[in-house]
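# Understanding the architecture of this molecule
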Amino acid sequence: MLDSLTLTWHSRCDHDGWAPFVSAVNLLAKSLGINVLPGETLQAEPDCLAFGLQGCGQNEVRVVTATGIPGMAPSESVLQAQCGIMSVHGRSGGGAQALGLPYVSALSAILALQGGLAVLVSAQQGRPYRDVWVSMLGAGLISIGQYLAGATAADEAESILPDSSSPSFRPPFVSSDGVRFELETLTPEPWRQFWEQVDLPDAVAGRAWRGFLMRYARAESPMPEACMQALAQLPFARIQALAEAAGVAVIPLKNWREAEASAMAPRLWQVQQGPIAPALRQAGEDATLPLAGIRVMESCRRIQGPLAGHLLSLAGAKVLRLEPPGGDPLRAMPPCVNGCSVRFDAISACKQVTEVDIRTTEGRDSIAASLPETDVFLQNWAPGKDRALGLDFDMMTSHQPGLVYTYAGGWGTEKTDLPGTDFVVQAWSGVASVIAEQSGEKGGSLFTVLDVLGGAMATLGATAGLLYRALDQRGVRIESSLLGGAELLLQLVRNYQSRPIFETVVSTGQGLLAIECNTDCEYRALCNLAGIEHCSKAELLPQLQDRLLSRTAQYWETRLRAERVPASVVIEHLSDLCTCEITQPYLICRDYAAVQSPWRFI
């Protein structure tokens, strides 16, 4: 797709903490057809790494990724502790803990490459930038933006701490023959029918539905004990039959070690070439962001698609959001400020909104009439809905040949009738089993791991499509998926199965502290600072726990970072991000705390 581009690493990483990030950038770039060249010299500083992007006849764009923690090399668990991911993941997982995946590394890689491609698009419009700076800490904050909005709302702010609900009474469920599985339905009637067949009263099913429905928004799903016990008494085959009769999807958790491991790079996008188109329009000279002048039409629900539109707007695009008559129902989801859900506003505030009934001829005609002035059409409808509505790629490019038609789907090329939702894809792909294995729990995360990653991949796909359209002067359809995000994570897990030398979350005299040592030097420094003779991990942990109780987590964070040992106070109350010295600059605190752009364009 972008085979005229070359990505050149400006240096070789000198710390194992950078390895997942570098691998993710390379996988993403190669999946887009970009040629990748390794670096020759060792990096000068441990807390940042740079690569260059260059096309034929273009100046090189330098993309610099910094950890966001001065002087500290990347540490996945420390970054997850600092940005609040540990807190959100731990709401239903038995306490604050890391995901057990190189999640911030993967998300940062997507945003780094997207920032670089956005600058190359701007160069095609006559507005060259030289550098892009990306923060890994900023990327982590983007991932918890909706949860942060809920925790800091001016009215009815949520206070949901790690371990706020029992991990025993949350999905996944377990059958009598030991099969762990997820249930999924997006409407209440199949849910009610399923539990009726299991012989549970409507009142119990209703309580379960309320908890089940809120798991996407709150990262917790407290289920009545009766539900868990009822399914624990039935064999999996019987549960499958009851669910099929009720119209509820059942998804057993796939073991990631048994899932097919391709030696090739995963196919993260599906690309369809469109018709020949005129040159990309020139943006105004006063544009301050690389995608300024780009016009996006978004018709999306829930998280994945709207987040993609939000990230495009943070890079400068003008996003027009299509909502059904009466507005998106999620606007009313509490907590609300000024009549609008803060969770909804966190990924939609920068967009213009118009109400359109796409089911009517009049609504579809209004979309068609707007296409000549549209550069990107972004949707995450159910598979086949675009053709049923007459709003597919072929129809739209007949009105706008240069359109970048971006589909943020669930399954990519996988043929399945299962709902393409976050927790279903976590279970089916094997991502849930990785998280369960690392945390010692029975299932994946109720943090929307794949919705966020999938949204970022859709943004990268759209930006790659814009550059392809500018270079080849053709429209393009580009499809990303939640499964593609899962495949990226699993590829990184397979490539880096070795764990850090030492990793823990430990109580101190005040607060929790996350520590991760990836090198022998860091491990020795930790032992020396704690006044403990160098010993094995098993011997170190109990001594370290006793030693750290003498001071606060903040004290130990400062001491350990001074010795270049990756450590962070674990953010448990998300509202603390607003006052934390290192995270506060990334936030705008008004009616709620909103996360600013992770990029800086120079």
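Description of the structure in this document.

Thresholds, definitions, all that
- Residues numbered from 1 in each chain as written.
- Predicted model: local features only at pLDDT ≥ 70, side-chain atom pairs only at ≥ 80, totals over all residues.
- Heavy atoms only, no water.
- Helix = DSSP H or I, 4+ residues; strand = E, 2+ residues; numbered from the N terminus.
- Rg over C-alpha atoms; globule rule 2.2 N^0.38 Å.
- Buried < 20%, exposed > 50% of the residue type's maximum accessible area, 1.4 Å probe, protein only.
- Contact = heavy atoms within 4.5 Å.
- Areas by Shrake-Rupley, 256 points an atom, 1.4 Å probe, with all protein chains shown as cover.
- Lys, Arg positive; Asp, Glu negative; His and termini not counted.
- Charge placed at Lys NZ, Arg CZ, Asp CG, Glu CD.
- 1 Å grid on protein atoms, 1.4 Å probe; cavity = no way out; pocket = protein on both sides within 12 Å on 5 of 7 lines; lining within 4 Å.
- Points joined across faces, edges and corners; volume = space filled by probe spheres on them.
- Nonpolar A, V, L, I, M, F, W, Y, C, P; charged D, E, K, R; others polar.
- Pairing = 2+ DSSP bridges.
- Axes fitted to C-alpha atoms, helices over the stretch in contact; angles between N-to-C directions.
- Parallel < 35°, antiparallel > 145°, perpendicular 65-115°, else oblique.
- Left-handed = near helix turned anticlockwise from the far one by under 90°.
- Expected span 1.5 Å × (residues − 1).

Let us now look at the overall build of the protein chain. Within the protein chain, the secondary structure is distributed over 23 helices and 23 strands. For a compact globule of 602 residues, the expected C-alpha radius of gyration is about 25 Å, and the protein chain comes in at 24 Å, within 12% of that figure. Reported as C-alpha extents along the three principal axes, the dimensions of the protein chain are approximately 70 × 65 × 50 Å. Counting across all 602 residues of the protein chain, residues that qualify as buried make up 59%. By sequence separation, contacts in the protein chain at least 24 residues apart represent 77% of the contacts at least 6 residues apart. Surface accessibility of the protein chain: about 23000 Å² in total, with carbon and sulfur atoms responsible for 48%. Looking at the protein chain, you have 46 positive and 62 negative side-chain charges, and the mean spots of the two groups are 2 Å apart.

Helix H18 (residues 431-439) sits mainly inside the fold: seven of its nine residues count as buried. Burial in H18 covers these residues: Val 431, Ala 432, Ser 433, Val 434, Ile 435, Ala 436 and Ser 439. Tucked into the core, H18 has its buried residues touching helix H3 (85-89), strand E7 (180-184), helix H17 (422-429), helix H19 (449-472) and helix H20 (482-495). Directly beyond the C-terminal end of H18, a positive phi value near 75 degrees is found at Gly 440.

This paragraph deals with the side chain of Thr 65. Positionally, Thr 65 belongs in strand E4 (residues 61-66). For Thr 65, a relative accessible area of 0% corresponds to the buried category. Not counting residues up to four positions away in its chain, the partners in contact with Thr 65 are Trp 18, Phe 21, Asp 47, Cys 48, Leu 49, Ala 112, Val 134 and Met 136.

So, about the side chain of Gln 426. With respect to the element layout, Gln 426 can be found in helix H17. Look past the residues within four positions of Gln 426 in its chain and what remains in contact with it is Val 431, Ala 432, Ile 435, Gly 444, Ser 445, Phe 447, Val 449 and Leu 450.

This next bit is on empty space enclosed by the protein. Going through the model one piece at a time under the given rule, you end up with two cavities of 30 Å³ or more. The space that makes up the largest cavity amounts to roughly 140 Å³. If you go around the largest cavity, you meet 14 residues; those closest to its centre are Ile 142, Gly 145, Gln 146, Ala 346 and Ile 347. By residue number, the principal contributor to the lining of the largest cavity is helix H6 (residues 145-152), which donates three residues. Among the residues making up the lining of the largest cavity, the classes are represented as nine nonpolar, five polar and no charged.

In a beta sheet, neighbouring strands pair by backbone hydrogen bonds and run either parallel or antiparallel. Here we have three strands laid out as an open sheet, ordered E18-E19-E20, and antiparallel in their pairing. In the strand order of this sheet, the two ends are held by strand E18 (502-507) and strand E20 (567-569), each with one partner. The sheet shows a mean angle of 10 degrees between the axes of neighbouring strands, taken without regard to direction. Where E18 lies against strand E19 (residues 512-517), six bridges are found, and the strand directions are antiparallel. Looking at E19, one finds that Ser 507 is bridged to Leu 512. Its contacts with the sheet place helix H22 (residues 537-548) against E18 and E19, and it is angled at close to 30 degrees to E18. Together, E19 and E20 form the strand contacts of helix H23 (residues 553-562), whose direction differs from that of E20 by roughly 160 degrees.

With that out of the way, let us pick up the packing of helix H4 (residues 103-124) against H20. Two elements in contact, H4 and H20, have axes whose closest approach is 10 Å; the angle formed by their N-to-C orientations is 125 degrees. Accordingly, the angle class assigned to the pair H4 and H20 is oblique. For the pair H4 and H20, the crossing hand works out as right-handed. Of the residues in H20, those touching H4 at Tyr 103, Ala 106 and Ile 110 are Leu 488, Leu 489 and Leu 492. Here the residues of the contact of H4 with H20 sort into six nonpolar, no polar and no charged.

Here the focus is the sheet that holds E7. Here three strands make up an open sheet; going across it, the order is E6-E7-E8 and the pairing antiparallel. With partners counted over all chains shown, the strands left at the sheet margins are strand E6 (173-174) and strand E8 (249-252), one partner each. Packing of helix H11 (residues 236-246) onto the sheet brings it into contact with E7 and E8, and relative to E8 it is tilted by some 150 degrees. In the packing of H17 onto the sheet, the strands contacted are E7 and E8, and the crossing angle to E8 comes to about 35 degrees.

Here we take up the packing of helix H21 (residues 520-529) against H22. Describing two packed helices takes the angle between their axes plus the distance from one axis to the other. Across the interface, H21 lies against H22 with an axial gap of 11 Å and an inter-helix angle of 40 degrees. By the angle between their axes, H21 is oblique relative to H22. Crossing of H21 over H22 shows left-handed handedness. Along the contact surface, H21 presents Tyr 523, Leu 526, Cys 527 and Leu 529, while H22 presents Lys 537, Leu 540, Leu 544 and Arg 547. In the contact of H21 with H22, the residues fall into six nonpolar, no polar and two charged.

Further remarks concern H20. With 14 residues, H20 ought to run about 20 Å at 1.5 Å a step, and its terminal C-alpha atoms sit 20 Å apart, in line with that. Burial analysis of H20 places twelve of its 14 residues in the buried class, which makes it a mostly covered element.

With that settled, the discussion passes to the environment of Ala 149. Within the secondary structure, Ala 149 is located in helix H6. The exposure class of Ala 149 is buried, given its relative accessible area of 0%. C-alpha of Ala 149 to C-alpha of Leu 101: the two residues are 48 residues apart in sequence and 24 Å apart in space.

Within the secondary structure, Gly 305 is located in helix H12 (residues 304-314). A C-alpha to C-alpha distance of 19 Å links Gly 305 and Leu 446, two positions 141 residues apart in sequence. Discounting chain neighbours no more than four positions away, the residues touching Gly 305 are Glu 298, Cys 300, Leu 378 and Asn 380.

A cis amide bond, omega 5 degrees, links Pro 171 with the succeeding residue Pro 172. Along the chain, Pro 172 falls in the loop between H6 and E6. In the segment running from Pro 334 into Pro 335, the intervening peptide bond is cis, with an omega of 0 degrees. Here Pro 335 is to be found in the loop between strand E11 (318-323) and strand E12 (336-337). Despite not being glycine, Ala 219 has its phi angle at roughly 60 degrees, a positive value.

Here strand E15 (residues 376-379) shows no split at all, with Val 376 and Leu 378 on one side and Phe 377 and Gln 379 on the other all buried. In terms of strand pairing, strand E10 (residues 295-299) meets E15 through four bridges, oriented parallel. Residue pairing for E15: Glu 298 is matched across the bridge by Leu 378. Examined bridge by bridge, E15 and strand E16 (residues 404-409) share four bridges and lie parallel to one another. In the strand pairing of E16, Val 376 is matched with Val 404.

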